[in-house]
Each structure stands twice: as structure tokens, then as C-alpha cells.
Amino acid sequence: MYVVCKDHVDVAIDKFIKEFEEAPDVVDLEHTKFIDWDPPVKCEECDHEAKFLVV
């Protein structure tokens, strides 16, 4: 699972495929709310705002 900004979606997808050998789902965090989990505010790769969950 990776939480990233728009600029790093491709990086996260590549990492996911390398680790799990299958294509991930990409969730837009602006349009999705979780009951028991608050996503990180910042991208895992940089200091930009996190926009996508790659899982």
C-alpha cells in the first residue's frame, strides 16, 4: 500500500507490481473516505499533498 501525490503514482504502481506481481487498484483520496483509517497527509516520496492510495 502506498499513499502518494499525483507525480508519484507511476512510481507507486511500479513498486506495487514489483512486490506483488499484479496490478494495483488506485483510489482517489479526495473522493473516498475511510471509517477506521486516516490516510497520511503527505506523499511517501516527497512533501507534496497525498492524493492517491495504491493498493
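Residues numbered from 1 in each chain as written. Predicted model: local features only at pLDDT ≥ 70, side-chain atom pairs only at ≥ 80, totals over all residues. Heavy atoms only, no water.

### Side note on the overall build of the chain
Along its length, the chain carries one helix and three strands. Scanning the chain from its N terminus toward the C terminus, one meets helices and strands in the order β-α-β-β. Its C-alpha atoms give the chain a radius of gyration of 11 Å, within 12% of the compact-globule value 10 Å for 55 residues. Seen through its C-alpha atoms, the chain measures out along the principal axes to roughly 30 × 25 × 15 Å. Residues classed as buried in the chain amount to 25% of the 55 residues present. Considering only residue pairs separated by 6 or more positions, the chain has 67% of its internal contacts joining residues 24 or more positions apart. Accessible surface computed for the chain: about 4,200 Å², of which carbon and sulfur atoms make up 51%. Taken as two groups, the 6 positive and 15 negative side-chain charges of the chain have centres that lie 6 Å from each other. (Helix = DSSP H or I, 4+ residues; strand = E, 2+ residues; numbered from the N terminus. Rg over C-alpha atoms; globule rule 2.2 N^0.38 Å. Buried < 20%, exposed > 50% of the residue type's maximum accessible area, 1.4 Å probe, protein only. Contact = heavy atoms within 4.5 Å. Areas by Shrake-Rupley, 256 points an atom, 1.4 Å probe, with all protein chains shown as cover. Lys, Arg positive; Asp, Glu negative; His and termini not counted. Charge placed at Lys NZ, Arg CZ, Asp CG, Glu CD.)

### Some words on the sheet that holds strand 1 (residues 2-4)
Taken in spatial order, the three strands of this open sheet run 1-3-2, and their pairing is antiparallel. In this open sheet, the two strands that pair with only one neighbour each are strand 1 and strand 2 (26-28). Going across the sheet, the axis of each strand differs from the next one's by a mean of 25°, ignoring polarity. Inspection of the sheet shows strand 1 paired to strand 3 (residues 52-54) by three bridges, in the antiparallel sense. Considered in strand 3, the bridge of V4 is made with F52. Packing of helix 1 (residues 9-20) onto the sheet brings it into contact with strand 1, strand 2 and strand 3, and relative to strand 1 it is tilted by some 170°. (Pairing = 2+ DSSP bridges. Axes fitted to C-alpha atoms, helices over the stretch in contact; angles between N-to-C directions.)

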